[in-house]
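# Descriptive analysis of the structure
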Amino acid sequence: MAVFAYRGRNANGDLEQGTLEGEDSVAIADQLGRKGITPTEIKPSSKVSAAAASGASLWQRLNEKKIDIVELMLFSRQMYTLLKAGVPIMRALAGLQESSQNPALATVLQSLRESLDSGRELSAAMRLHPRVFSAFYVSMVQVGEMTGRLDETFMSLYGHLEFEKDMKERISSALRYPMFVMIAMALAIVVVNIFVIPAFAKVFAGFQTELPLMTRILMGFSSFMVNYWVLLLALLVGTVVGFRKYINTVQGRYQWDRYKLQLPIAGKIIFKSTLARFARSLALAFKSGIPILQGLSVVALVVDNAYMRKQIEQMRDGVERGESILRTASTSKIFNPTVLQMIAVGEETGDMDGLMFEVAGMYEREVEYEVKTLAQQIEPIMIVALGILVLILALGIFLPMWDLGKAAMHK
């Protein structure tokens, strides 16, 4: 990020000046506006950003241990405990840096201390590390600074991160079994076509008779795999690489994320868990006092689905035009009537955070039920697929033997 020097007037009309880091002058103006400062001048500074000044070598960055969600949870919980006990924030960060077992986290904490020492706020210092602190995390910290409840904010963030971790683990657990079965079936097909069917083909070649259609299809496919396995492997690798490049584009990611929600069985789990994350994040934003437009903007970044993110951004645009949350939620067509009714009640009573927590809890319970019954839903499909595979192999391999046995009996 670049460094900009600014001059402006605060709410009392006093002149304030300093430096901030941001993508451009518009981002700097937004930061100043959130601080209650009306900028009169913003221009690039010759100073080097803290991220560049404290940057490690490329080799160190490649080999350093990453900061995972568990460490971020622990950091949030420890910050809550220290701030609740009245420990100054600089001393709290210094203590956490000394006790950290992860050099990458220690480096980030050192950078936060240097930024605070130079006059930046904690949220502005965290914004320099987008790979560690998400936009939602930074926005929550900023609200905690503005309201003077930074300790409570860190506790809320700890609960939010714990929920995020639980959702990811549930989805991974839900998809692990079907993926394992599909991989096992694919390997079985490869082994049968490369090793089993060619052995039987040598036996069938001595029959001197026309083989059944199913046997000829199996033998032809097996021969193709044996002779052109390099081509098939190249096609497989090309398909995987092409698919990954496609989903890395904006349109490709949107279409793939939309298709994932329509997958049988797994789509329901992904859809409901995404809505649970959205509802809980929005409830937490409302409870912390984040304005609704800013709340919808940062929550859209929390949702790890491009299609759902687009719907939330359309909700934000509708609210910005003056429409109610209920109307924009109805237009998005991602909420069922029960949730829409709860949103309506929340708008009428002013208890949107409480109602959104209820919505999140409802979807979490549904996800938990779907995960528990996943094996029961998949077993019939897997049994039918395995049955069809075994039937094809049996008809292709044993029909010629059956015909040969009948011919021998007639002799």
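The present account deals with the structure reproduced in this document. Counting from 1, residues in each chain are numbered in the order their sequence is written. Residue-level local features of this predicted model are given only where pLDDT is at least 70; pairs of side-chain atoms are given and counted only at 80 or more, and the full residue set underlies all totals for whole chains, interfaces and linings. Only hydrogens and water are set aside when side-chain values are computed; all heavy atoms of the structure are taken into account.

### Brief notes about the overall build of the protein
Broken down by element type, the protein carries 19 helices and three strands. Only protein chains enter the area calculation, which uses a 1.4 Å probe; residues under 20% of their type maximum are buried, those over 50% are exposed, and those in between are partly exposed. Relative to its 411 residues, the protein shows a buried fraction of 38%. Within the protein, residue pairs in contact and separated by at least 24 positions form 60% of the contacts whose partners lie at least 6 positions apart. Put simply, DSSP marks the helices as runs of H or I at least four residues long and the strands as runs of E at least two long, and each gets a number from the N terminus on. Between two residues, a contact is recorded if the distance between any of their heavy atoms is within 4.5 Å.

### With respect to the packing of aromatic side chains
Note on aromatic contacts: the rings of Phe and Tyr and the six-membered ring of Trp form a pair at centre separations within 6.5 Å, being stacked when their planes are under 30 degrees apart, edge-to-face when over 60 apart, and tilted otherwise. The full count for this structure, using the stated rule, is nine aromatic pairs. The interplanar angle of 55° and the centroid separation of 6.0 Å between the aromatic rings of Phe75 and Phe133 together place this pair among those described as tilted. Of this pair, Phe75 sits in helix α4 (residues 69-84) while Phe133 sits in the loop between α7 (122-126) and α8 (135-147), and the two are 58 residues apart along the sequence. Each of the two residues, Phe75 as well as Phe133, counts as buried. Positioned above the aromatic ring of Phe163 is the side chain of Arg280, whose terminal nitrogen or guanidinium carbon lies 4.9 Å from the ring centre. Definition used: whenever NZ (Lys) or CZ (Arg) falls within 6 Å of the ring centre and also within 35 degrees of the ring normal, the charge is taken to sit over that ring.

### Examining the nonpolar core
For our purposes a nonpolar core is just a set of buried Ala, Val, Leu, Ile, Met, Phe, Trp, Tyr and Cys residues, chained together by side-chain atoms within 4.5 Å. The biggest cluster of nonpolar side chains holds 80 residues, and the ones touching the most others in it are Phe75, Met126, Phe133, Tyr137, Phe154 and Phe278. Here this core gets 11 residues from one element, more than from any other, and that element is helix α13 (residues 266-288). Contact partners of Phe278, with chain neighbours within four places excluded, come to Leu296, Val299, Val303, Ile312, Met315, Phe335 and Met356.

### Here's the deal with the packing of helix α9 (residues 150-205) against helix α10 (residues 213-227)
With their axes 9 Å apart at the nearest point, α9 and α10 run at an angle of 120° to one another. Comparing their axes, α10 and α9 come out oblique. You can see that α9 and α10 cross each other, and the crossing is left-handed. Counted together, Val190, Asn193, Ile194, Ile197, Pro198, Ala201 and Phe204 of α9 and Thr215, Leu218, Met219, Phe221, Ser222, Met225 and Val226 of α10 form the full contact between these two elements. Under the scheme applied here, ten amino acids are nonpolar (Ala, Val, Leu, Ile, Met, Phe, Trp, Tyr, Cys and Pro), four are charged (Asp, Glu, Lys and Arg), and all others, including Gly, are polar. Split by residue class, the contact of α9 with α10 holds 11 nonpolar, three polar and no charged. Note on geometry: axes are lines fitted to C-alpha atoms, helical ones only across the stretch in contact, with angles between N-to-C directions running from 0 to 180 degrees. The scheme is simple: roughly parallel for angles under 35 degrees, roughly antiparallel for over 145, roughly perpendicular for 65 to 115, oblique for anything else. By convention the crossing between two helices is left-handed if the near helix lies anticlockwise of the far one by an angle smaller than a right angle, and right-handed if it lies clockwise.

### Regarding helix α6 (residues 103-117)
Working rule for helices: expected span equals 1.5 Å times residues minus one. In this model, α6 (15 residues) spans 21 Å end to end at C-alpha, consistent with the 21 Å of a helix rising 1.5 Å per residue. Turning to α6, its buried residues number three or more, namely Ala104, Leu105, Ala106, Val108, Leu109, Ser111, Leu112, Ser115 and Leu116. Polar contact is the term for a pair of N or O atoms within 3.5 Å; when the atoms are in protein, one must be able to donate a hydrogen and the other to accept it, and sequence-neighboring residues count only if both atoms are side-chain atoms. Capping of α6 at its N-terminal end is provided by Asn102; its side-chain oxygen lies 3.0 Å from the backbone amide nitrogen of Ala104. One or two residues past the end of α6 sits Gly119, with phi positive at roughly 105°.

### Some details on a nonpolar patch on the surface
A surface patch of nonpolar side chains, about 650 Å² in accessible area, is lined by Trp229, Val230, Leu233, Leu236, Val237, Val240 and Val241. For Leu236, the position within the fold is in helix α11 (residues 229-247). Residue Leu236 is classed as exposed on the basis of its relative accessible area, which comes to 52%. Candidate patch residues must exceed 30% relative accessible area and have no salt bridge, after which like charges are joined if within 9 Å and Val, Leu, Ile, Met, Phe, Trp or Tyr side chains if within 5 Å. Computed with a 1.4 Å probe, the accessible areas rest on the Shrake-Rupley method; for each residue, only the protein chains presented here act as cover. Here, a salt bridge means any side-chain nitrogen of Lys or Arg that lies within 4 Å of a carboxyl oxygen of Asp or Glu.

### Details of unusual backbone geometry
Its identity as a non-glycine residue notwithstanding, Lys333 has a phi of 60°, on the positive side. Tracing the backbone shows Lys333 in the loop between α16 (325-332) and α17 (337-349).

### Overview of the packing of α4 against α9
At their nearest, the axes of α4 and α9 sit 8 Å apart, and the two run at 160° to each other. Classified by the angle their axes make, α4 and α9 are roughly antiparallel. Both α4 and α9 take part in a crossing whose hand is left-handed. In contact with Ile69, Val70, Leu72, Met73, Phe75, Ser76, Arg77, Met79, Tyr80, Leu83 and Lys84 of α4, α9 contributes Leu150, Asp151, Glu152, Phe154, Met155, Leu157, Tyr158, Leu161, Glu162, Glu164 and Lys165.

### Digging into the side chain of Thr328
If you trace the backbone, Thr328 turns up in helix α16. A distance of 2.8 Å separates the side chain of Thr328 from the backbone oxygen of Ile325, its partner in a polar contact. If sequence neighbours within four positions are ignored, Thr328 has contacts with Met315, Gly318, Val319 and Glu323.

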